Every structure is written in C-alpha cells, then in structure tokens.
Amino acid sequence: MRVQSLTLVAASAALLAPTTFPGAPLPPRPGPQPEFRSGHQHEARPVRAGRSGARIGPVPPSQAGPVPPSGVRPGAEAGAGDGSKKPRREGPVRAADLLAKVRDCGPVSRGRYRADAGAPADIPVCGTRDAVYWKADLDVDCDGRPGDRCNSGTDPHFTPATAYTRSDGRPLDAERLPYVVVPEPSDIWNHRESDVHGGSVAALVHGDRVRYAVVGDVGPRDLIGEASYAAAESLGIPADPRGGGAASGVTYIVFKDSEVESIEDKAAAEKAGERLAREFVDGE
C-alpha cells in the first residue's frame with residue numbers, strides 16, 4: 001500500500017533524449033497504456049486519496065530468498081505473428097529475452113518517479129512502439145475485495161475499492177488476480193496518452209520469472225512500482241502488505257492498446273500476455 005508523497009517531481013526536458021537505465025546491468029523497465037475503458041473504471045473513486053503516514057519500504061532482496069526458475073502457463077500460445085521477417089521461436093518467453101528488449105530507455109515520461117515517499121525521483125517510464133516499461137521496486141497492493149489476507153486488519157491502508165472493476169462492477173480481488181498499479185495521470189506522465197488503460201496486459205519480470213497481469217488500479221501521482229498481492233506471490237516475492245514486497249529488481253512491461261475483455265479473467269491475461277511478449281521479443 002502506498003502513501004502519496006507531498007513532494008512533486010519536476011518535469012525535465014532532459015529526459016526526452018534516449019538513455020540507459022542508471023546503474024542497472026541488464027534489467028530494464030516496463031510501462032503502462034490506453035485510456036480508461038467504460039465498464040472497467042470504478043465510478044467516482046478518488047485515486048488513492050487521503051492516505052497518511054510514510055509507507056514502509058519492502059524487505060530487501062536478501063530477505064526475500066532465491067527466485068525460482070521462470071515459468072509461464074505451459075499451454076499459452078505463441079501467436080501467429082504479423083509477417084515479421086524473424087522466425088518465431090517456440091516455448092515460453094524467457095526473462096532474459098524481455099530484459100534485453102527493454103535494456104535501453106527512450107523516455108515517454110516528462111519527469112521521473114519515486115519508488116517510495118522521500119526517495120529520489122530517478123525512475124523514468126520508457127517506451128517503444130509496442131510497449132511502455134519501467135524498473136522499480138514492488139510494493140504490495142491489497143485493495144479491492146476483502147479476503148483472508150487483504151483486509152483492514154492486515155493492511156492499515158486497505159480500501160475495499162479499485163480504480164477498475166470486474167465486469168460485474170465489483171472491485172478486483174488482489175488476493176487472486178495479478179494486477180499492476182499505474183500512477184495517477186499528471187505532468188510527469190499520463191498513461192492514457194500511451195494507450196494504457198484498465199485491463200491492459202502487462203508482463204512482470206523478477207529474477208528468472210516472467211508472469212502476466214492486467215492494469216487494475218491507479219496509485220499516487222509521483223510514485224511507481226506497485227502490484228497486487230497475487231502478482232507478488234506469483235513472482236516469488238513476499239506478499240505481506242505490511243512488510244513484504246521487493247526493494248528493487250522488478251521490471252514492468254505494459255503492452256500498448258492491449259486489453260483483456262473480462263479484466264478478472266486470469267487465464268485470458270496469461271494467454272494474451274505470452275502472445276504479446278513473444279511478438280514484442282521477436283519484433284524488429
């Protein structure tokens with residue numbers, strides 16, 4: 001859960017030129033997409049407004065333990081391709097292939113984000129023709145439908161609502177649905193202008209693992225690096241909303257103008273994610 005920082009990030013024209021992620025050997029950065037689509041956006045919910053107190057950062061990597069080998073749904077199809085000259089490879093998309101594809105950064109944000117309140121603003125949102133991406137920490141979002149592990153008792157900043165809703169209008173279930181959080185539109189970056197919206201398909205990379213999710217919530221305008229309880233758990237990251245998460249090393253890639261029609265359909269997100277990731281990796 002996050003608390004919005006009181007310090008605004010200044011827009012920087014210098015970020016418009018392509019650059020390489022500072023201090024990161026290989027891991028790149030993913031990013032968000034299209035506009036809000038009717039049927040998914042929660043009606044009049046303020047975007048994570050009214051939160052107070054500084055968010056305690058996630059446990060450092062050494063406490064999280066080793067990350068198991070990569071694995072995406074075995075049955076996910078690779079997709080038919082679009083006439084690309086490159087032959088399409090078989091099998092699940094590897095973490096190394098996705099990270100190599102987003103190693104360099106062509107910034108689409110006009111400023112940079114903080115990982116936590118009070119932390120340096122040093123995280124740009126980068127983009128290509130097909131995706132936006134960033135590399136950050138992972139803070140656990142437990143908002144949405146209350147459950148055994150996500151409720152006001154386990155999370156002091158819990159709210160029973162999400163910016164986007166299921167197809168039946170109910171909030172998303174953070175315990176069961178892997179979803180990522182994009183920052184509230186601001187002068188730093190507006191995800192709608194990058195063709196990112198509720199239900200957009202995302203790939204998450206941590207260590208050797210690749211997992212797929214949807215865009216499901218909106219967070220503070222100057223912070224980035226947050227995903228649902230289920231997303232953290234699928235990546236082998238401690239999912240406790242109070243002290244879990246990952247301090248760094250998570251790459252978020254959101255595929256532009258993509259959408260899972262029923263945002264709560266986890267299997268559909270995995271299938272679409274594997275196909276889009278394969279097209280992204282094999283594309284020119």
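Residues numbered from 1 in each chain as written. Predicted model: local features only at pLDDT ≥ 70, side-chain atom pairs only at ≥ 80, totals over all residues. Heavy atoms only, no water.

Asker: Report on the overall build of the protein, specifying residues and quantitative values.
Answerer: On a plain count of helices and strands, the protein comes out with 4 helices and 11 strands. Just so you have it, the protein exposes about 12000 Å², and 50% of that area is on carbon and sulfur atoms. (Helix = DSSP H or I, 4+ residues; strand = E, 2+ residues; numbered from the N terminus. Areas by Shrake-Rupley, 256 points an atom, 1.4 Å probe, with all protein chains shown as cover.)

Asker: Go over the nonpolar core, please, and point to the residues and values.
Answerer: L98, W134, L138, V180, Y252, I253 and F255 are the most contacted members of the largest nonpolar core, which totals 65 residues. Among the elements of the structure, α2 (95–101), β6 (131–141), β7 (179–183), β8 (201–206), β9 (209–219), α3 (229–234), β11 (246–255) and α4 (266–282) are those that each provide at least two residues to this core. In terms of residue count, the dominant contributor to this core is β6 (7 residues). With sequence-adjacent residues up to four places away left out, V180 is seen in contact with A202, L204, A213, V214, V215, G216, D217, E226, A227 and Y252. (Core = buried A, V, L, I, M, F, W, Y, C linked by side-chain atoms within 4.5 Å. Buried < 20%, exposed > 50% of the residue type's maximum accessible area, 1.4 Å probe, protein only. Contact = heavy atoms within 4.5 Å.)

Asker: Run through the state of the cysteines, naming residues and quoting values.
Answerer: The full count for this structure, using the stated rule, is 2 disulfides. Note on cysteine connectivity: C105 is disulfide-linked to C126, with sulfurs 1.9 Å apart. Judged by the sign of its S-S torsion, about -90 degrees, the cystine formed by C105 and C126 is left-handed. Placement of the pair is C105 in strand β2 (residues 104–105) and C126 in strand β5 (residues 126–127), with a sequence separation of 21 residues. (Disulfide = S-S within 2.5 Å.)

Asker: Could you give an account of unusual backbone geometry, naming the residues involved and the relevant values?
Answerer: Although it is not a glycine, D195 sits at a positive phi angle of roughly 60 degrees. Checked against the element boundaries, D195 lands in the loop between β7 and β8. Exposure remark for D195: the relative accessible area of 36% places this residue in the partly exposed category.

Asker: How would you summarise the pattern of salt bridges if you had to cite specific residues and measurements?
Answerer: Applying the stated criterion across every chain yields a total of 11 salt bridges. Of the charged contacts in the structure, one is a salt bridge between R149 and E233, with a shortest N-O distance of 4.0 Å. With R149 in the loop between β6 and β7 and E233 in helix α3, the pair connects residues that are 84 residues apart, well separated along the chain. On the basis of relative accessibility, which here comes to 40%, the residue E233 falls in the partly exposed class. Its salt-bridge partner being R176, residue E175 comes within 4.0 Å of it at the nearest N-O pair. With relative accessibility at 54%, the residue R176 sits in the exposed group. Through salt bridges with shared partners, a single network forms among R149, D173, E175, R176 and E233. (Salt bridge = Lys/Arg side-chain N within 4 Å of Asp/Glu carboxyl O.)

Asker: Please give an account of the environment of D187 that cites residues and values.
Answerer: In this structure, D187 sits in the loop between β7 and β8. Placed 77 residues apart in sequence, D187 and R110 show a C-alpha to C-alpha distance of 7.1 Å.

Asker: If you had to explain the environment of V181 to someone new, which residues and values would you point to?
Answerer: The topology assignment puts V181 in strand β7. Separated by 42 residues in the primary sequence, V181 and D139 have C-alpha atoms spaced 9.7 Å apart.

Asker: Account for the pairing of β8, naming residues and giving values.
Answerer: Counting buried positions over the 6 residues of β8 gives 6, a clear majority of the element. Burial along β8 is two-sided: the residues V201, A203 and V205 and A202, L204 and H206 are all buried. Looking at chain direction, β8 and β9 are connected through 6 bridges and run antiparallel. Among the inter-strand pairings, V205 is bridged to a residue of β9, identified as V210. Hairpin connection between β8 and β9: a loop of 2 residues separates the two successive antiparallel strands, and G207 in this loop has a positive phi of roughly 60 degrees. Here 5 bridges tie β8 to β11, and the two strands are oriented antiparallel to one another. Looking at β11, one finds that V205 is bridged to T251. (Pairing = 2+ DSSP bridges.)

Asker: Give me the pairing of β9: which residues, what numbers.
Answerer: Judged by how many residues are buried, β9 sits mostly within the fold: 11 of 11 residues are covered. Two strands pair when backbone bridges link them, and β7 and β9 are joined in this way by 5 bridges, in the parallel orientation. In the sheet register, P183 faces β9, and the bridge partner there is G219.

Asker: Before we move on, can you summarise the packing of aromatic side chains with the specific residues and values?
Answerer: One pair of aromatic rings is described through two measures. These are the centre distance and the angle between the planes. A full pass over the atoms with the stated rule returns 3 aromatic pairs. Both rings, one in F255 and one in F280, keep their centres 5.9 Å apart while their planes meet at 75 degrees; by these two values the pair is edge-to-face. Of this pair, F255 sits in strand β11 while F280 is found in helix α4, placing the two residues 25 residues apart along the sequence. Through a chain of ring-to-ring contacts, three or more aromatic side chains come together here, namely W134, W189 and Y252. (Phe/Tyr/Trp six-rings, centres within 6.5 Å; stacked < 30°, edge-to-face > 60°.)

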